[in-house]
Amino acid sequence: EARAQEQAVAVQSALAEIGVTVTITQLAPAVFTEGLFAKTGQAFLRNLGGSYVDDAFYTMFLFYTSDAVLNWWAMNDPEIDALAAELRTETDPVRRAELAGQAQELINSRVPHLVLSEPSYILATGSDIQGFVLEPDSLIRYKSLSRVE
């Protein structure tokens, strides 16, 4: 994709300024995906919308536990796994927020990956429309939209 190529060149140029040599290798989608799930890449660029559900356990289950479905960076941290296990069954919102905060601090201190950019989201509407909220899944929720009288 063109955006990934532009990002790769920008990263390559920035790292060259500090003496790091980056070789950009474009891969066929099947080869790229195979490498992701084999966890063999040193670095990669991927346009990923992130977690579609605003829930700490869901995000940890997808990306950050040792057996996470999309743990492409081979993260293996017993503390994070334990927090995720507790979040899986915790129903108290206050306790969930505490656990999520602990998990976020651990993940941020481990730095398993870097988010380099977020894609722009452009939505044209009439000047009389208000209430648009960009949700994590990028789907439009019409419930929040209204017309200004």
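The structure under discussion appears in the preceding block.
Residues numbered from 1 in each chain as written. Predicted model: local features only at pLDDT ≥ 70, side-chain atom pairs only at ≥ 80, totals over all residues. Heavy atoms only, no water.

Draft legend 1. Geometry of helix α3 (residues 56-64). Buried within α3 we find F57, M60, L62, F63 and Y64. Packed against the buried residues of α3 are α4 (78-89) and α5 (93-110). The opening residue of α3, the one whose side-chain oxygen lies 3.1 Å from the backbone nitrogen of F57, is D55. (Buried < 20%, exposed > 50% of the residue type's maximum accessible area, 1.4 Å probe, protein only. Helix = DSSP H or I, 4+ residues; strand = E, 2+ residues; numbered from the N terminus. Contact = heavy atoms within 4.5 Å. Polar contact = N/O pair within 3.5 Å; in protein donor to acceptor, adjacent residues only side chain to side chain.)

Draft legend 2. Structural view of a nonpolar patch on the surface. The grouping of Y121, L123, F132 and L134 at the surface amounts to a nonpolar patch, some 330 Å² of accessible area in total. Checked against the element boundaries, L123 lands in the loop between α5 and β1 (129-130). (Patch = residues over 30% accessible without salt bridge, like charges linked within 9 Å, V, L, I, M, F, W, Y side chains within 5 Å. Areas by Shrake-Rupley, 256 points an atom, 1.4 Å probe, with all protein chains shown as cover. Salt bridge = Lys/Arg side-chain N within 4 Å of Asp/Glu carboxyl O.)

Draft legend 3. Summary view of the nonpolar core. Membership of the largest hydrophobic core comes to 18 residues, with the highest contact counts inside it found for M60, Y64, I80, L83 and I107. Where this core is concerned, the elements lending two or more residues are α2 (29-38), α3, α4 and α5. The element contributing the most residues to this core is α3, with 5 residues. (Core = buried A, V, L, I, M, F, W, Y, C linked by side-chain atoms within 4.5 Å.)

Draft legend 4. View of the pattern of salt bridges. As enumerated under the stated definition, the model contains 6 salt bridges in all. Its salt-bridge partner being D55, residue R96 comes within 2.4 Å of it at the nearest N-O pair. Of this pair, R96 sits in helix α5 while D55 sits in the loop between α2 and α3; the two residues are 41 residues apart in sequence, bridging distant segments of the chain. As a salt-bridge pair, E86 and R95 come within 2.8 Å of each other at their nearest N and O atoms.

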